[in-house]
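Examination of the molecular architecture
One letter stands for each residue in the lines below.
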Amino acid sequence: MPVPMYDHAATYRLLEAELSSAFTRVMARGKLDWGPEVPAFEREFAAWLGVREVIGTNSGTAALRIALRALGIGLGDEVITVPNSDISTTAAVHQVGAKAVWVDIDADTMNMAPGLVEAAITPRTKALLPVHMYGHPADMPELVRMADHYGLVVIEDACLALGATIEGRAAGQWGQVSCFSFAPSKHLGAYGSGGAVVTNDAELAEQMRRYAGYGQARERHYHEGPTSLPLEHHVEGFNERLDELHAALLRVKLPYLNSWLEARREHARHYHRAFANLPITCPLERPGCLHAYRNYVIRSDHRDALQRGVADAGIATGTPYAPPLHQQPVYQARGYAAGSFPVSEAASATLLSLPVAPELSASQRGLVIERVQQIVAALN
Ligand SMILES: *Cc1c(COP(=O)(O)O)cnc(C)c1O
């Protein structure tokens with residue numbers, strides 16, 4: 001019995017009738033651009049998340065770029081983020097012309113260490129861009145407090161944390177802007193690429209809508225009737241909108257999201273219990289926080305042997321975002337020696353992500369547990 005990280009086909013089988021009817025609805029309507037599905041999804045997602053404004057984008061990376069541009073962040077500006085995230089977080093900062101300044105992480109949650117942020121702030125710093133790694137929220141109360149003190153904007157990279165909460169407030173509700181990804185392997189996966197930026201600020205939302213869609217207000221495109229409106233470009237926008245078909249497919253999936261989050265947490269509870277007495281580090285859930293478990297990341301000093309051992313039993317695992325960004329060839333010229341971000345480096349050398357997707361069955365989970373227990377016992 002092989003155990004994959006994800007089984008998108010299984011989810012498709014579950015939802016096939018609903019997905020097919022959403023597909024047919026969009027095709028039969030024939031309105032493939034600027035149709036009603038994107039605004040409808042945005043309203044439904046806003047209600048689910050508890051934010052006022054949602055702008056669908058065609059990826060999480062696009063969401064980050066649109067947020068940064070709409071906030072006026074660009075050449076000469078610095079944005080503080082972490083080196084252990086998806087490269088998109090840092091790349092988006094550079095793609096709008098600003099500079100990403102990395103700070104190391106806390107060892108327990110693997111999220112931005114608030115204690116290191118102050119030393120990284122310069123007169124050029126415009127924003128904090130924390131990432132809720134693997135689904136555990138960053139320390140938002142403290143980061144927001146610091147941002148307020150220094151007059152900085154907070155952008156949440158919540159691409160891994162749909163459904164996470166801190167003090168009962170959702171990841172994605174703490175920053176001026178927050179970014180989500182609907183990549184297939186994320187909590188709410190499209191059948192291709194998708195994302196969203198969210199905010200409670202109506203003016204900023206309008207600006208982000210323009211950046212997502214050629215620099216015009218959406219109503220100018222959405223306009224029905226025989227005569228098109230004259231163009232009215234307010235900014236030099238991107239073309240990075242969510243598309244009608246994906247909005248319709250995501251609308252099918254959204255009502256299942258709570259049960260999928262619960263399934264992830266149920267897998268995590270079983271793993272926690274089974275691994276409690278093993279010499280490995282299980283993911284921490286800080287008091288007051290709810291983990292969204294995009295990844296169930298354990299850490300072991302024998303990571304590579306453990307990974308090989310479970311692979312022999314057909315169990316897929318991952319080492320998400322390792323090695324860290326400062327050790328990637330693309331950032332070699334920045335000249336960071338080994339040891340520059342010691343906590344990120346140590347985490348990336350020891351972490352292992354186990355299957356935790358909702359479609360994982362109890363027997364597959366049992367196999368993962370059994371193999372990890374056996375191999376860890378043999379290695380220690
Ligand atoms: C997935 C992800 C992104 C990028 O999202 P895409 O939809 O793949 O462009 C950015 N940041 C983090 C933390 C992510 O996990």
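Residues numbered from 1 in each chain as written. Predicted model: local features only at pLDDT ≥ 70, side-chain atom pairs only at ≥ 80, totals over all residues. Heavy atoms only, no water.

1. Thoughts on the overall build of the protein chain
Helix and strand counts for the protein chain come out as 13 helices and 12 strands. For 380 residues, the compact-globule estimate of 2.2 N^0.38 gives 21 Å, and the C-alpha radius of gyration of the protein chain, at 21 Å, lies within 12% of that figure. Taken along the three principal axes of its C-alpha coordinates, the protein chain extends 75 × 55 × 40 Å. By the burial criterion, 56% of the 380 residues in the protein chain qualify as buried. Considering only residue pairs separated by 6 or more positions, the protein chain has 71% of its internal contacts joining residues 24 or more positions apart. Distance between charge centroids for the protein chain: 2 Å, based on 33 positive and 40 negative side chains. (Helix = DSSP H or I, 4+ residues; strand = E, 2+ residues; numbered from the N terminus. Rg over C-alpha atoms; globule rule 2.2 N^0.38 Å. Buried < 20%, exposed > 50% of the residue type's maximum accessible area, 1.4 Å probe, protein only. Contact = heavy atoms within 4.5 Å. Lys, Arg positive; Asp, Glu negative; His and termini not counted. Charge placed at Lys NZ, Arg CZ, Asp CG, Glu CD.)

2. Looking at the site of the ligand
Near the ligand there are 15 residues, and of these Gly-60, Thr-61, Asp-157, Ser-181 and Lys-186 occur at the shortest range. Thr-61 places a polar side-chain atom, nitrogen or oxygen, 2.5 Å from an oxygen atom of the ligand. In the model, an oxygen atom of the ligand is placed 2.7 Å from a nitrogen or oxygen of the Ser-181 side chain. Here the ligand loses 90% of its free accessible area of 380 Å² to cover by the protein chains. Counting atoms within 2 Å of the grid points, the majority share of the ligand lands in the largest pocket. Of the residues in the shell around the ligand, the class split is 4 nonpolar, 8 polar and 3 charged. (Near = heavy atom within 4 Å. Polar contact = N/O pair within 3.5 Å; in protein donor to acceptor, adjacent residues only side chain to side chain. Areas by Shrake-Rupley, 256 points an atom, 1.4 Å probe, with all protein chains shown as cover. 1 Å grid on protein atoms, 1.4 Å probe; cavity = no way out; pocket = protein on both sides within 12 Å on 5 of 7 lines; lining within 4 Å. Sits in = over half its atoms within 2 Å of the grid points. Nonpolar A, V, L, I, M, F, W, Y, C, P; charged D, E, K, R; others polar.)

3. Looking at empty space enclosed by the protein
What the rule picks out here adds up to 5 cavities of 30 Å³ or more. Looking at the largest cavity, its volume works out to about 150 Å³. Taken together, 18 residues line the largest cavity, and the ones lying closest to its centre are Trp-34, Val-38, Arg-218, Arg-241 and Leu-242. Contributing elements (two or more residues each) for the lining of the largest cavity: α2 (37-49), β1 (53-57), α7 (202-212) and α8 (218-222). Partitioned by chemical class, the residues of the lining of the largest cavity number 8 nonpolar, 4 polar and 6 charged. The computed volume of the second largest cavity comes to approximately 120 Å³. Residue lining of the second largest cavity: 14 residues in total, with Thr-11, Pro-184, Lys-186, Lys-253 and Glu-359 positioned closest to the centre. Listing elements by their share of the lining of the second largest cavity, those giving two or more residues are α1 (8-29) and α10 (257-275). (Points joined across faces, edges and corners; volume = space filled by probe spheres on them.)

4. Describing the environment of Leu-160
You can see Leu-160 is positioned in the loop between β5 (153-157) and β6 (165-166). Taking the C-alpha atoms as reference points, Leu-160 and Thr-61, separated by 99 residues in sequence, lie 12 Å from one another. Other than its neighbours up to four places away in sequence, Leu-160 contacts His-132, Met-133, Tyr-134, Gly-135, Lys-186, His-187, Ala-292, Arg-294, Asn-295 and Tyr-321.

5. Considering the sheet that holds strand β8 (residues 177-181)
Ordered by their spatial adjacency, 7 strands build an open sheet running β1-β9-β8-β5-β4-β2-β3, and the pairing between neighbours is mixed. For this open sheet the edge positions go to β1 and β3 (99-102), each flanked by a neighbour on one side alone. Each adjacent strand pair in this sheet contributes to an overall mean axis angle of 25 degrees, direction not counted. By the bridge criterion, 3 bridges tie β5 to β8 in an arrangement that is parallel. By the bridge assignment, Glu-156 is partnered in β8 with Ser-178. Where helix α6 (residues 140-150) meets the sheet, its contacts fall on β4 (125-128) and β5, and the angle it forms with β5 comes to roughly 150 degrees. Sitting on the sheet, α7 touches β1, β8 and β9 (195-199), and the angle it makes with β1 is about 10 degrees. (Pairing = 2+ DSSP bridges. Axes fitted to C-alpha atoms, helices over the stretch in contact; angles between N-to-C directions.)

6. Observations regarding the sheet that holds β6
What the 3 strands build is an open sheet, ordered β7-β6-β10; its pairing is antiparallel. The open sheet is flanked by β7 (169-170) and β10 (289-290), the only strands paired with a single partner. Sheet topology places β6 next to β10; 2 bridges connect them, and they run antiparallel. Its bridge partner being in β10, Thr-165 is matched across the sheet by Leu-290.

7. Describing helix α11 (residues 303-312)
Here α11 has its buried residues at Arg-303, Leu-306, Gly-309 and Val-310. With its buried residues spanning 130 degrees around the axis, α11 presents them on a single face. Projecting away from the buried face of α11 at angles above 90 degrees are the exposed residues Arg-308 and Asp-312. Those residues of α11 that are buried lie in contact with β11 (296-299), α12 (342-350), β12 (351-354) and α13 (362-379). Following α11 by one or two positions, Gly-314 has its phi on the positive side, about 80 degrees. (Arc of directions from axis to C-beta.)

8. Describing the packing of α1 against helix α9 (residues 244-253)
Running from N to C, α1 and α9 point in directions that differ by 140 degrees, and their axes come no closer than 9 Å. Classed by the angle they form, the pair α1 and α9 counts as oblique. Our pair here, α1 against α9, has a crossing hand that is right-handed. Counted together, Thr-11, Leu-15, Glu-18, Leu-19, Ala-22, Phe-23, Arg-25, Val-26, Met-27 and Arg-29 of α1 and Glu-244, Leu-245, Ala-248, Leu-249, Arg-251, Val-252 and Lys-253 of α9 form the full contact between these two elements. Its residues placed into classes, the contact of α1 with α9 shows 10 nonpolar, 1 polar and 6 charged. (Parallel < 35°, antiparallel > 145°, perpendicular 65-115°, else oblique. Left-handed = near helix turned anticlockwise from the far one by under 90°.)

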